[in-house]
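These are the residues of each chain, in order.
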Amino acid sequence: MQPKMQAVHFLPRCVLLLSVCAAFTATTTHAQVVDTEPRSITVVENQENVELHCRIGRPAQLCLIRMPGLNDQIALSPTEKSPVAGYHYHGEGLDKGSCGVRIDRVTADNAGLMNCTLFVDGRGLTGSIEIVVAFPPQQPVIEVVQGNLANVEVNSQLMFRCTAERGNPAANLSWFLDQEQIYEGVQFPEAPEEYYDERSNKHMFTATSTLKRAVRAEDNGKRLTCQAQHLAYPEGVSRTDLILDVNFQPQALPDQVVYGLQLGRTATASMVIKANPSPHVMWNIDGTDYHQGTEQGRYAVPIPEALGNNRYNVSLTIAGLTLEDLSKTYVLRASNNFGVEEYRLTLRSQDEVFSESSSFGTGEIVGLVLAVVIVLLAVALIVGARATGRWCFRGKNSSTSTSAAKIGETDTTDNGVGETMLPTATGIVVEANVLNGETTTTTTIPVMPPTPDNINSSILRPTNVRQNPLDAAYPLGAIRREPQHSINSGNFDNASVLSSDSSSTIGYGDPNQVGLPVATAQKRWIPHQQRELLEKQAQLLLSGAALKRKRETEIF
């Protein structure tokens, strides 16, 4: 009895389960989503080759398109011709669940929802794409809501409104003042105003923006612009401008100084002021008023010169500028219908400008003094070093220097009287110890090779003896200039100079020994004439060296 009752209750449950499954299958089939590409699109009226596409993940047997502006829906297929001109199938094929349309040229009538329906297993699945056909609004218009644009004063409050009507979608509005965008005081409504035109079957929108601004003096002459941006405009934007005419009194300036004027000449002092309208000027000098366009005494006041952009050049001419004129303060009073302003002017001569510009501060003076001290110290060091023979002056030929010239070396020797002797090619070194007080001086006498001299031959110079060292400095045939200075021969000890016991080796004597090296030369007795010649030579050398040293001391 109990098993039979269980079977009775089980049968209704099975029927209920089958019903739920069938309903779920049918619901799932109808709930499949159709992908659209794009979901919405905005196009310009008369735009060409606009493509709309729908897709489902299963093969479809039929593709139906319902387009705004067409009375009936149309069936499109990749293999058949479209029944309506200007509308063609677009997609990858029905077997891939692709259904779409390509419109040759979009019109305003195509604005709205485009529906695409795909039939799968006898059931239709639909997707939608919103088409917005954009058309440009009218050119923006600016109107003054608050204030009088014909008589605008500084700091007055003005309110402007800009509107761009009958566009789809609404335009984007912006404010500019001479190409500089304005953000302060700009307001937009929450949503653009929309209305429907039954005759054209179009939805239209009007964009509105307001601007509140406290007018400034620098706003005068500037261009206030309202710019509407819309994709349907040929250039993307449309603008409307108006020029601001702001009236203001002459603007204040700090005290002015005019530089570079020359005493005794006609001087012109000028300054630039801003005003709108043009100002009337008057100069006050020592309690006397000088109006524009007049000339009194040495003073003349020209009419203000317009420079543009509400700037005016105001000047004063003074004939024969004097020192008294430089001590005065000149007061300029400029006025128009909107106010009065005073300016103070001071004059400076060219000499005062030079004195001010060329004055040194404490730092410059200290630096200049230090530089002079350094230069003087350097000069003193150089002079002292040269006089004492130190540093780079060490080793120069003097009466106290010792020459280490050797046979065959090329050197240049001073003859002691400011004359330079030519280099010696070969010769014998002749050394003589000369006692000068307590100082022993070693003098090097360069000896040139024997050269025949038929012109200046002397009995004191035999042909087998080397020529006078002083004669070697002159070319053949030249007349040697004798020194013009004398020396006391009593300062020399002839015995010490010419003694055979001297440490010097003399290459004179036997003619056969002429030209032999010093090492092989022998000490011999010197004839009286040669001895006198050597003595004179030593005296000349020492006198020349002393004279040269005296000259250097006097110069430095």
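Residues numbered from 1 in each chain as written. Predicted model: local features only at pLDDT ≥ 70, side-chain atom pairs only at ≥ 80, totals over all residues. Heavy atoms only, no water.

Asks: Which residues make up the state of the cysteines, and what values do they have?
Replies: Applying the stated criterion across every chain, the model contains three disulfides. One disulfide in the model links C54 with C116; its S-S distance is 1.7 Å. Around the S-S axis, the bridge from C54 to C116 shows a dihedral of about -95° and counts as left-handed. With C54 in strand 3 (residues 48-55) and C116 in strand 8 (residues 112-120), this residue pair connects regions lying 62 residues apart in the sequence. For the residue pair C54 and C116, the accessibility class agrees, reading buried in each case. Paired by a disulfide, C63 and C99 hold their sulfur atoms 1.5 Å apart. One quick way to see it: the torsion about the S-S bond of C63 and C99 is about 55°, and its sign makes the bridge right-handed. Here C63 is found in strand 4 (residues 62-66), whereas its partner C99 is found in strand 7 (residues 98-105), with 36 residues between them in sequence. Among the residues examined, C99 registers a relative accessible area of 0% and is labelled buried. (Disulfide = S-S within 2.5 Å. Helix = DSSP H or I, 4+ residues; strand = E, 2+ residues; numbered from the N terminus. Buried < 20%, exposed > 50% of the residue type's maximum accessible area, 1.4 Å probe, protein only.)

Asks: Let's hear about the nonpolar core: which residues, and what values?
Replies: Within the largest apolar cluster, 28 residues are counted, with the highest numbers of intra-cluster contacts made by L52, I65, M67, V101, M114 and I131. Discounting chain neighbours no more than four positions away, the residues touching I65 are Q73, I74, L76, C99, V101, M114, N115 and C116. Ranked by size, the runner-up nonpolar core spans 24 residues in total, among them I273, I318, L321 and A334. (Core = buried A, V, L, I, M, F, W, Y, C linked by side-chain atoms within 4.5 Å. Contact = heavy atoms within 4.5 Å.)

Asks: Can you break down unusual backbone geometry residue by residue, with the values?
Replies: At the junction of E37 and P38, the peptide bond is cis and its omega measures out at -5° in the coordinates. The topology assignment puts P38 in the loop between strand 1 (35-37) and strand 2 (40-44). Positioned with a positive phi, R166 is a non-glycine residue whose angle comes to about 55°. Within the secondary structure layout, R166 lies in strand 12 (residues 157-167). Its relative accessible area of 32% is what places R166 among the partly exposed residues.

Asks: So what's going on with the sheet that holds strand 13 (residues 172-177)? Residues and values would help.
Replies: Strand pairing within a sheet occurs via backbone hydrogen bonds; the two strands may be parallel or antiparallel. Pairing within the open sheet is antiparallel, and its four strands lie in the order 14-13-18-19. The sheet is open, and its two borders are formed by strand 14 (180-182) and strand 19 (237-243), each paired with just one other strand. Averaged over all adjacent pairs, the angle separating strand axes in this sheet is 30°, with direction ignored. With three bridges joining them, strand 13 and strand 14 adopt antiparallel strand pairing. For F176, the partnering residue across the bridge sits in strand 14 and is Q181. (Pairing = 2+ DSSP bridges. Axes fitted to C-alpha atoms, helices over the stretch in contact; angles between N-to-C directions.)

Asks: Mind laying out the pairing of strand 29 (residues 329-336), listing which residues take part and the relevant values?
Replies: Relative to strand 29, strand 23 (residues 280-285) is paired through five bridges, and the arrangement is antiparallel. Within strand 29, the position partnered with N284 by the bridge is V331. Taken together, the eight bridges between strand 29 and strand 30 (residues 339-349) define a ladder with antiparallel strand orientation. Each bridged residue has a counterpart across the sheet, and for A334 the counterpart in strand 30 is E341.

Asks: Describe in detail the pattern of salt bridges, supporting the description with residues and values.
Replies: Under the criterion given, the structure shown has eleven salt bridges. A salt bridge links E143 to R161; the nearest nitrogen and oxygen atoms lie 3.4 Å apart. Of the two residues, E143 is situated in strand 10 (residues 141-146) and R161 in strand 12; the sequence distance between them amounts to 18 residues. Here R213 and D219 are joined by a salt bridge, their closest N and O atoms 3.2 Å apart. The burial state of R213 is the same as that of D219; both residues are buried. Salt bridges here are not isolated pairs; linked through shared partners, they connect D286, R298, D325 and K328. (Salt bridge = Lys/Arg side-chain N within 4 Å of Asp/Glu carboxyl O.)

Asks: Residue-level account of the sheet that holds strand 30, with values.
Replies: Across the sheet, five strands lie side by side as 21-30-29-23-24; this open sheet has mixed pairing. Either end of the sheet is taken by a strand with one partner, and the two such strands are strand 21 (256-261) and strand 24 (288-291). Each strand of the sheet is rotated relative to its neighbour by a mean of 30°, with strand direction disregarded.

Asks: Quick one: what's the story with a nonpolar patch on the surface, residue by residue and with numbers?
Replies: Judged by side-chain polarity, I365, V369 and V373 come together as a nonpolar surface patch covering roughly 260 Å² of accessible area. For V373, the location among the structural elements is in helix 4 (residues 362-388). Exposure remark for V373: the relative accessible area of 49% places this residue in the partly exposed category. (Patch = residues over 30% accessible without salt bridge, like charges linked within 9 Å, V, L, I, M, F, W, Y side chains within 5 Å. Areas by Shrake-Rupley, 256 points an atom, 1.4 Å probe, with all protein chains shown as cover.)

Asks: Just give me the short version of the confidence of the model for the chain, but keep the residues and values in it.
Replies: Mean pLDDT over the chain stands at 74; residues scoring 70 or higher make up 66%. By mean pLDDT, the top-scoring element of the chain is strand 13 (96), and the lowest-scoring one is helix 5 (residues 494-498) (35). This model gives residues 1-31 a pLDDT under 50, and the stretch forms four contacts once residues within four places in sequence are excluded. Below a pLDDT of 50 lies the segment residues 396-523, which in the model reaches 171 contacts outside its immediate sequence neighbourhood of four places, other chains included. (pLDDT = per-residue confidence, 0-100.)

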